[in-house]
Amino acid sequence: MILKIVKYPEPVLQQPGEPVTEFNGELHKLVADMFETMYSAQGIGLAAPQVAVSKRVTVIDLSMGKDPAQKLVLVNPEITFQDGRQYEEEGCLSFPEIREKVVRAAKVTIRAQDENGKWFEMDGDELLARAFQHEIDHLDGMLFIFRMSGLKRDMTLRKIRKLQREGAW
């Protein structure tokens, strides 16, 4: 089922998600619905708060559904190592049409649980590292606009307010 993606400034986007403690059919359905929603929106990552569920769950697929082996489910993830620096453009499904460069670590290691509760570690660099950091930020209530420079963030927020006034947001 395709879920509704909430947009900034929806409050759920800026609050930390609750840790997942039950790995059951409800979680599996949420994960399946999140993948379907992400693919429908042509994204590469989606965090549960973006579909108004305040839980520490995110899905990532850099292949956008083309390679099932690239589907990642991260439950209760945390970054355990980061190195280097990259400054690349990012977008966010909760900020449609807004793309801006932000600084992220170039390489990260994450520790997370899969949808069955099994812990694993995984390394990511470049785009995958950015996706890990972006989605885990969502689970912490941190949005990518707050990683932009102050000037870019102010311009972006003004653009959003204008779109809201025009009924286009």
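Right, let's walk through the structure included here.

By the alternation rule, side chains of strand E2 (residues 57-60) split into Val57 and Val59 and Thr58 and Ile60, which are all buried. Bridge count between strand E1 (residues 45-47) and E2: three bridges; the pairing is antiparallel. Considered in E2, the bridge of leucine 46 is made with valine 59. Inspection of the sheet shows E2 paired to strand E3 (residues 72-83) by four bridges, in the antiparallel sense. From the neighbouring strand, valine 59 faces E3, where its bridge partner is valine 73.

Here we take up the pattern of salt bridges. What the rule picks out here adds up to eight salt bridges. Here arginine 56 ties to aspartate 140 by a salt bridge, and the two come within 2.9 Å at their closest N and O atoms. Highlighted residues: arginine 56 in the loop between E1 and E2 and aspartate 140 in the loop between helix H2 (126-139) and helix H3 (150-165), separated in sequence by 84 residues. Judged by its relative accessible area of 13%, arginine 56 is buried. Look at aspartate 140 and you get partly exposed, because its relative accessible area is 39%. With a closest N to O distance of 2.8 Å, arginine 104 and aspartate 137 form a salt bridge. Pair noted here: arginine 104 is in strand E5 (residues 95-104) and aspartate 137 is in helix H2, with a separation of 33 residues, a long-range link. For aspartate 137, a relative accessible area of 8% gives the class buried. One salt-bridge network, in which partners are shared between bridges, spans Glu90, Arg104, Asp137 and Arg147.

Scoring rules and cut-offs
Residue numbering note: each chain is counted from 1, following its sequence as written. pLDDT decides what is reported in this predicted model: residues at 70 or higher carry local features, side-chain atom pairs at 80 or more are listed and counted, and totals for whole chains, interfaces and linings draw on all residues regardless. Water and hydrogen atoms play no part in the side-chain values, which are based on all heavy atoms of the structure. Exposure categories follow from relative accessible area, calculated using a 1.4 Å probe and restricted to protein chains: below 20% of the type maximum is buried, above 50% is exposed, and the middle band is partly exposed. Helical segments are the DSSP runs of H or I of at least four residues, strand segments are the runs of E of at least two, and each set is numbered from the N terminus. DSSP calls a pair of strands paired once it identifies at least 2 bridges connecting them. Should a side-chain nitrogen of Lys or Arg be within 4 Å of a carboxyl oxygen of Asp or Glu, the pair is scored as a salt bridge.

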